[in-house]
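What follows is the residue order along each chain.
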Amino acid sequence: MNSTNKIPKATAKRLPIYYRYLRYLHEDGKDRVSSTELSEAVKVDSATIRRDFSYFGALGKRGYGYDVEDLMHFFSKTLKQDRLTNVALIGVGNLGHALLNYNFHQNNNMRISAAFDINKEIVGTIQSGVPVYPMEDMVQQLKMQQIDVVMLTVPTSAAQEAANNLVKAEVKGILNFTPIRISVPDHVRVQNVDLANELQTLIYFIDHYKTDDKDSLLPLD
Ligand code: ATP
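Just so you know, these numbers come straight off a predicted model, no measurement behind them.

> What's the story with the packing of aromatic side chains in this structure? I'm lost.
Where two aromatic rings form a pair, the distance of their centres and the angle of their planes describe that pair. Taken as a whole and assessed by the stated rule, the structure comprises eleven aromatic pairs. Each ring, one from Tyr18 and one from Phe53, has its centre 5.0 Å from the other, and the planes form 85°; the classification is edge-to-face. Linking Tyr18 in helix 1 (residues 9-27) with Phe53 in helix 3 (residues 46-54), this pair joins segments that are 35 residues apart in sequence. Note on accessibility: Tyr18 and Phe53 belong to one class, buried. Ring centres of Phe53 and Phe75 lie 5.5 Å apart, and the angle between their planes is 55°; on these two criteria the pair is classed as tilted.

> Even after reading the chapter, I still don't get the sheet that holds strand 4 (residues 110-117), so can you show me in this structure?
The strands making up a sheet associate through backbone hydrogen bonding, with each pair oriented either parallel or antiparallel. Pairing in this open sheet of seven strands is mixed, and the strands run 5-6-4-3-7-8-9 from one edge to the other. Pairing within the sheet leaves two strands with one partner each, and these edge strands are strand 5 (126-127) and strand 9 (189-192). For strand 3 (residues 85-90) and strand 7 (residues 149-152), the ladder comprises three bridges, and the chain directions are parallel. Note that in strand 7 the partner of Leu89 across the bridge is Met151. Set on the sheet, helix 8 (residues 156-168) makes contact with strand 3, strand 7 and strand 8 (173-176); between it and strand 7 the angle comes to about 170°.

> Can you help me understand the UniProt feature "DNA-binding region" (unreviewed entry) in the chain in this one?
UniProt tags residues 17-56 as "DNA-binding region" (unreviewed entry). Secondary structure content for residues 17-56 is 70% helix and 5% strand, and the end C-alpha separation is 16 Å.

> I would appreciate a short explanation of the environment of Lys172 in the present structure.
Of note, Lys172 is situated in the loop between helix 8 and strand 8. With relative accessibility at 54%, the residue Lys172 sits in the exposed group. When the C-alpha atoms of Lys172 and Gly57 are compared, they prove to be 27 Å apart, with 115 residues separating the residues in sequence. Among all residues touching Lys172, those that are not within four sequence positions of it are Asp148, His187, Val188 and Arg189.

> Before we go on, may I ask you to explain the pattern of salt bridges in this structure?
Oppositely charged side chains are able to pair whenever their charged atoms sit close together. By the definition in use, this model includes five salt bridges. We note a salt bridge from Asp52 to Arg14, for which the minimum N-O separation is 2.6 Å. Residue Asp52 is located in helix 3, and its partner Arg14 is located in helix 1; the two are separated by 38 residues in the primary sequence. Here the two residues Asp52 and Arg14 agree in accessibility, since each one is buried. Close ionic contact of Asp28 with Lys30 constitutes a salt bridge, the shortest N to O distance being 3.1 Å. Residue class for Asp28 comes out partly exposed when judged on its relative accessible area of 45%.

> Would you explain unusual backbone geometry in this entry?
Leave glycine aside and you will find that most residues have negative phi; peptide bonds, for their part, are mostly trans. Unlike most non-glycine residues, Lys43 shows phi in positive territory, near 60°. With respect to the element layout, Lys43 can be found in the loop between helix 2 (35-42) and helix 3. The exposure class assigned to Lys43 is exposed, which follows from its relative accessible area of 70%. One non-glycine residue, Glu170, lies in positive phi territory at about 65°. By the element assignment, Glu170 lies in the loop between helix 8 and strand 8.

Conventions adopted
Residues numbered from 1 in each chain as written. Predicted model: local features only at pLDDT ≥ 70, side-chain atom pairs only at ≥ 80, totals over all residues. Heavy atoms only, no water. Phe/Tyr/Trp six-rings, centres within 6.5 Å; stacked < 30°, edge-to-face > 60°. Helix = DSSP H or I, 4+ residues; strand = E, 2+ residues; numbered from the N terminus. Buried < 20%, exposed > 50% of the residue type's maximum accessible area, 1.4 Å probe, protein only. Pairing = 2+ DSSP bridges. Contact = heavy atoms within 4.5 Å. Axes fitted to C-alpha atoms, helices over the stretch in contact; angles between N-to-C directions. UniProt positions renumbered as here; feature names shortened; annotations may be inferred. Salt bridge = Lys/Arg side-chain N within 4 Å of Asp/Glu carboxyl O.

Written out as structure tokens, the structure reads:
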């Protein structure tokens, strides 16, 4: 199978979903899987699955389906699951603590290996097994530890300045939990996770839309 140089974003987003299910099948001792079976399990239509897989040169054989182990190893490499990825956390408040306690490692081979904060009470301590460094050391530590993905859980007012320093630290990706849209150069990828916004959207949809056809949500009469 070839590399994933230019796969559509939507396909890339589905990779972890496929990977998780393939691992489950593998652990269950299954050798192969059809696109229909995958489709039912991961709730993605089978034509989309076939198209997604064709980007990687993975072509299912008629009457055989896909080889579970082959696909799993391929996805594992593509998603860098075959090696541990260290990420950092900026801002060890309530949400930051929750993320430190979350077991990213168990299923995903990622772990938070460094945290940063301005709060003197926690700087220099170890929180949930993770050392907390002062913000002044952030650029140097991130470079030294070769961490290029960070989660940002500082207060909104501190988000842009922290982001500016993250750019200086040459990070490649920021998972932004603050409600503001931070400005960064194009080569830095930002993924926004606004929990309050998500919850509000869910509540709005429940109040205003029928859910029997989730693909084409229809306004209630
Ligand atoms: P949360 O928003 O996660 O629920 P909280 O309400 O406990 O957190 P916040 O005031 O949002 O606290 O701050 C989150 C964390 O970010 C705190 O640990 C705080 O010390 C830290 N923090 C505040 N300002 C900065 C900054 N400029 N740089 C880095 N960390 C900061």
